Every structure is written in C-alpha cells, then in structure tokens.
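# Architecture at a glance
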Amino acid sequence: MSNSLVLVINSGSSSLKFALIDTVTGEATLSGLGECFNLPEAVVSWKVNGEKQEFKLTGLEGHHQQAIDRIVTLVDELGMKDSIVTIGHRVVHGGTKFNSTVRVTEQVMADIEALSDLAPLHNPAHVLGMRAAAKAFPTLQQFAVFDTAFHQTMPEKAYTYAISKEVSQQYNIRRYGAHGTSHYYVTREAAKRINKPVEASSFISVHLGNGASVCVVKNGESIDTSMGFTPLAGLMMGTRCGDIDPSILEYLLKKGWTPERLHKELVSNSGFLGISGLTSDCRGIIEAMEAGNHDAKLAFEVFSYRAAKYIASYMVALDELDGIIFTGGIGENSLPVRSEIMRLLKIFGYREDVAGNEAARFGAEGVISQADTPLAMVIPTNEEFVIAQQSMALLNAEA
Ligand code: ADP
C-alpha cells in the first residue's frame, strides 16, 4: 500500500506552487507551479516521469480555482487522488495570532485576511488558495502552517524595536521573522545528526536562498532571527537590501521618491542584483566574480560578510553552540560563500574542511568543518515536508 500523501500548497498573488508530499519519506511524488495568474499567459505546469506538461488557464481571473481544479484532474489521472489525506497551506504571516499550525476554518481565513496589512501580497492570496482548494477537495481538511509561527517564542528583548511603545503598539510593529518552517526542520535534523534531543540543543541556522535569514535556535525554539517586521530585514538577499539605515528612506522620500518606488527599489532592485548590476542569482555572481568583475566580487563580499556578522552576533544569545547549519539554495550549494563565511568566523575557531565543503552540495548533507573545530554542517531544507507533517499530525490529533 502506498504511503499517505499531503497536498502542500503555496498560493501567491500571481502564482501557486503545489507538491504532493509523502508523509513518511518527505519526497515530492508530484510537484508543479501555476504562474502568470491574471495575465493572458496564465498556465499551470508539472513534471511526470521527467517530462514537463502544462495546461493553459483561460480568461483573466479565477486562475487560483482553475489551477487547483486542474490539479484535481491531474491527481485523479495519475491514480493518486485517493492517497491524498489532507491539504497543508504555507502562510507567510500569522502575526502574533498564530504560534502553531491550525486547521483552516472560516474564522482562521478571516484572521489571516485581517493580517493582510503585514503581508499585503501574500495573505489574501493564501485565502484565495484555501477557498479554491476547499471547493476542489470538499471532503479534505485543510491546515495553515505559518512562516512566522516558529519565531513566536522569541523573548521580548529580541522582538522589540527601539521605538516608542505607543507607535509599536498602535501599529503592531515588532520583529516577526520568517522562514520558520526551514529553521525548524534543519535544527531538528541537525539534533538527530549529533544524537542530542532537540530540546537540549543550540544551533545557529543560516538559510541562504533568494530570501535569506539567520535564526538562533535554543532547546528547539527560535530565540532570535534576522528577518524582522517583514522579510526585507537582516541579511542581504537576491534582490532585497536587508538592513539599511532607516534614514535612507526619509532621505529618498524627501528627494521625491514615492513609497511605491522605494518599496520596489529595496525589495526588487537591491541585494546581489543591486550591487552587481548583473543578476540576483548567486551562481551568476560567482561566475562574474571569477571572471574578474569588481561589482560581482563586492556583492559576494557584502553578502558573506553580512551573514558572518549575523552569525557572530548570535553567539551572545547562547551559552553553548552545537553547530552552525547552512541551508537554502546558496547554503546547500555554494562552496565559495560557505568557505568565505567560515573564514570570517575564524576568531571563533571555525576551520573549513575543504573536502567536506566540496562533498556537501546538490542535495547531499555533510560536515564542512575540520574535526576538533566547532561544528558547521549543511542540511538541505524541506519546508514542504514540515507542512505535510504538521498538517498530518493535527489531522490525526483531531480525528
Ligand atoms: P528561494 O529563496 O527562492 O527558495 P532557493 O533556496 O532556491 O531560493 O535559492 C536560490 C539561490 O540558490 C540562487 O541565488 C541560486 O543561485 C543559488 N544556488 C542554487 N544552486 C547553486 C549552486 N550550485 N551554486 C551556487 N548557488 C546556487
């Protein structure tokens, strides 16, 4: 008999990612992407036996529903429909309302919508996805897994910005963090690798992808993280600036910039892309750097230096450290970035194991620090597996 499958949905405003996750192995039996929603070229595509197939969506609206309806037909054709036991949705922002995974109800959808102020592009789109999935799979329970929930354990000193209490309370301004499911997953895997209960472990988890964040996880709980009020804060990213002096915003506004232009600049034109003027993709940056491009080298250096600074700053949050964990597309694959970060952390005793660093890539985990030096390792993340497992656990608990 085949294992149970969870349909994991990540519904955005103009796209919808989906995957059928095996709840035992964490493997994606099927995955695909709907994109260009609300445009004439809207399409949903997936791979079967390595071959890409696609289905064009019609009209200029209702594409979330059309995409999910096509997924129902697809899983039916592939004989997988009856193995799907529940649906798990990735939700970007749960505010302070949600500190764990919940079953999707009318009230939960209303609460997610009410938090749209904090994630205007994402939260309304998640609810669209939930409504479409409820129509398409009327007999299945759905669950919402929040990117922010894992960070709700941060102490007040970590989530408080040094602004007046009046303003922070009136506007709910505080650190919320993101990438919670990834930091949760890799720290649990890391604890298994060192044979410690996660409840007695301390890790610094470094997720470096297009989005990037560092999280310090003590006894299995997030106690600080670099993303803040929004995922724009902290590390430099593919197109996001990360931390900058807030006065720059005021300065540009006074120069006549609109809030919309400012937002686009900091979210979409900054980071690797902004500094290099070439690309947001780390591979392209490294290629250009190796070919002698000054700005690509600078982008690489700013990125690695910022990541190392965050890791170093989180040492103060811990009494002991079991290991640093690299994950995300760059953390799992980029030898030069990991090598540079290890070099920058040498004052803490970190020493790269060159062969270990070379071996840990393309989905292979491994230790990248030399024996008898502080531990640094690579663990490929699997956010969909966490969403599937947590949805499944709650489904079973409520049965
Ligand atoms: P997202 O945050 O969108 O999920 P990913 O975690 O997939 O992003 O990470 C994308 C980043 O990973 C890109 O910058 C890409 O260049 C980088 N990356 C993927 N493979 C490699 C590789 N082999 N070497 C260096 N960087 C890589």
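Just so you know, these numbers come straight off a predicted model, no measurement behind them. (Residues numbered from 1 in each chain as written. Predicted model: local features only at pLDDT ≥ 70, side-chain atom pairs only at ≥ 80, totals over all residues. Heavy atoms only, no water.)

### Things to note about the site of the ligand
Every residue near the ligand is listed here: Gly209, Asn210, Gly211, Asp281, Cys282, Arg283, Gly328, Gly329, Ile330, Asn333, Ser334 and Phe362. With respect to the ligand, the backbone of Cys282 contributes an N or O atom lying 3.0 Å from an oxygen atom. A distance of 3.2 Å separates an oxygen atom of the ligand from a polar backbone atom of Arg283. Considered on its own, the ligand offers 580 Å² of accessible surface; in the complex 71% of this is hidden by protein. (Near = heavy atom within 4 Å. Polar contact = N/O pair within 3.5 Å; in protein donor to acceptor, adjacent residues only side chain to side chain. Areas by Shrake-Rupley, 256 points an atom, 1.4 Å probe, with all protein chains shown as cover.)

### Details of the UniProt feature "binding site: Mg(2+)" (unreviewed entry) in the protein
According to UniProt, the positions carrying the feature "binding site: Mg(2+)" (unreviewed entry) are Asn10 and Glu383. Across 374 residues, the annotated set stays spatially compact, with a maximum C-alpha separation of 10.8 Å. Among the secondary structure elements, Asn10 is positioned in strand β1 (residues 5-11). We classify Asn10 as buried; its relative accessible area is 18%. In contact with Asn10, not counting residues within four places along its chain, are Ser15, Leu16, Lys17, Arg90 and His126. Tracing the backbone shows Glu383 in helix α15 (residues 383-398). (UniProt positions renumbered as here; feature names shortened; annotations may be inferred. Helix = DSSP H or I, 4+ residues; strand = E, 2+ residues; numbered from the N terminus. Buried < 20%, exposed > 50% of the residue type's maximum accessible area, 1.4 Å probe, protein only. Contact = heavy atoms within 4.5 Å.)

### Quick notes on the layout of surface pockets
The calculated volume of the second largest pocket comes to roughly 410 Å³. As for the second largest pocket, its lining consists of 17 residues, and the residues nearest its centre are Asp281, Cys282, Arg283, Gly329 and Asn333. Breaking the lining of the second largest pocket down by element, the ones donating at least two residues are α10 (282-290), α12 (328-333) and α13 (335-344). (1 Å grid on protein atoms, 1.4 Å probe; cavity = no way out; pocket = protein on both sides within 12 Å on 5 of 7 lines; lining within 4 Å. Points joined across faces, edges and corners; volume = space filled by probe spheres on them.)

### Brief notes about the packing of aromatic side chains
One pass over the full model with this rule turns up 6 aromatic pairs. Aromatic side chains Phe98 and Phe146 sit 4.3 Å apart centroid to centroid with 10° between the ring planes, which places their arrangement in the stacked category. In this pair, Phe98 sits in the loop between β6 (84-91) and β7 (102-103) while Phe146 sits in strand β8 (residues 142-146), placing the two residues 48 residues apart along the sequence. Side by side, Phe98 and Phe146 carry an identical accessibility label, which is buried. Ring geometry for Tyr176 against Phe229: centres 6.2 Å apart, planes inclined by 40°, an arrangement best described as tilted. Within this pair, whereas Tyr176 is found in the loop between α5 (165-171) and α6 (180-193), its partner Phe229 is found in the loop between β11 (221-225) and α7 (247-254), the two being separated by 53 residues in sequence. Sitting over the face of the ring of Tyr159, Arg174 holds its NZ or CZ atom 3.7 Å from the ring centroid. The ring of Tyr184 has Arg188 lying over it, and the distance from NZ or CZ to the ring centre is 4.0 Å. (Phe/Tyr/Trp six-rings, centres within 6.5 Å; stacked < 30°, edge-to-face > 60°. Lys NZ or Arg CZ within 6 Å of the ring centre and 35° of its normal.)

### Remarks on the nonpolar core
Counting residues in hydrophobic clusters, the biggest one holds 41 residues, and the most contacted among them are Leu208, Ile311, Phe326, Val337 and Ile341. Of all the secondary structure elements, the ones that give two or more residues to this core are β9 (202-208), β10 (212-218), α10, α11 (294-314), β12 (323-327), α13 and β14 (376-378). Non-local contacts of Ile341, meaning those with residues more than four positions away in its chain, are made with Leu208, Ser304, Ala307, Ala308, Ile311 and Phe326. Residues Leu16, Val44, Trp46 and Ile84 belong to the second largest nonpolar core, which totals 27 residues. (Core = buried A, V, L, I, M, F, W, Y, C linked by side-chain atoms within 4.5 Å.)

### So, the sheet that holds strand β2 (residues 16-22)
What the 8 strands build is an open sheet, ordered β5-β4-β3-β2-β1-β6-β8-β7; its pairing is mixed. In this open sheet, the two strands that pair with only one neighbour each are β5 (51-56) and β7. Pairing analysis gives 2 bridges linking β7 to β8, with the strands arranged antiparallel. Of the residues in β8, the one forming a bridge with Arg103 is Phe143. Each of β1, β6 and β8 touches helix α3 (residues 123-136); the most contacted strand, β6, lies at about 165° to it. (Pairing = 2+ DSSP bridges. Axes fitted to C-alpha atoms, helices over the stretch in contact; angles between N-to-C directions.)

### Looking at the packing of α11 against α13
Between α11 and α13, whose axes approach to 9 Å, the crossing angle comes to 50°. Comparing their axes, α13 and α11 come out oblique. Note that α11 runs across α13; the crossing there is right-handed. Contact with α11, carried on its side by Phe300, Phe303, Ser304, Tyr305, Ala307, Ala308 and Ile311, involves Pro336, Val337, Glu340, Ile341 and Leu344 of α13 and no other residues of that element. Its residues placed into classes, the contact of α11 with α13 shows 10 nonpolar, 1 polar and 1 charged. (Parallel < 35°, antiparallel > 145°, perpendicular 65-115°, else oblique. Left-handed = near helix turned anticlockwise from the far one by under 90°. Nonpolar A, V, L, I, M, F, W, Y, C, P; charged D, E, K, R; others polar.)

### So, the sheet that holds β10
Across the sheet, which stays open at both edges, the 6 strands sit in the order β11-β10-β9-β12-β14-β13 with mixed pairing between neighbours. Each edge of the open sheet is held by one strand with a lone partner, namely β11 and β13 (366-367). Strand direction decides the pairing type here: β9 and β10, joined by 7 bridges, are antiparallel. Along β10, the bridge assignment pairs His207 with Ser213. Here α11 sits on the sheet and contacts β9, β10, β11 and β12; the angle it forms with β10, its principal contact strand, is near 15°.

### Focus on empty space enclosed by the protein
This structure, assessed with the given rule, holds 1 cavity of 30 Å³ or more. In this structure, the largest cavity occupies an estimated 40 Å³ of space. Lining the largest cavity we find Val92, His93, Asp147, Thr148, Tyr176, Gly177, Ala178, Gly228, Phe229, Thr230 and Pro231. For the lining of the largest cavity, the class distribution of residues is 5 nonpolar, 5 polar and 1 charged.

### Here we look at the pattern of salt bridges
In this structure the tally under the stated criterion is 16 salt bridges. Here Glu189 and Arg193 are joined by a salt bridge, their closest N and O atoms 2.8 Å apart. You can see Glu189 and its partner Arg193 sitting in helix α6, 4 residues apart, about one turn around the helix. Here Lys196 ties to Asp322 by a salt bridge, and the two come within 2.9 Å at their closest N and O atoms. Here the residue Lys196 occupies a position in the loop between α6 and β9, and Asp322 occupies one in the loop between α11 and β12, the gap between them amounting to 126 residues. Residue class for Asp322 comes out buried when judged on its relative accessible area of 16%. Through salt bridges with shared partners, one network takes in Glu189, Lys192, Arg193 and Glu365. (Salt bridge = Lys/Arg side-chain N within 4 Å of Asp/Glu carboxyl O.)

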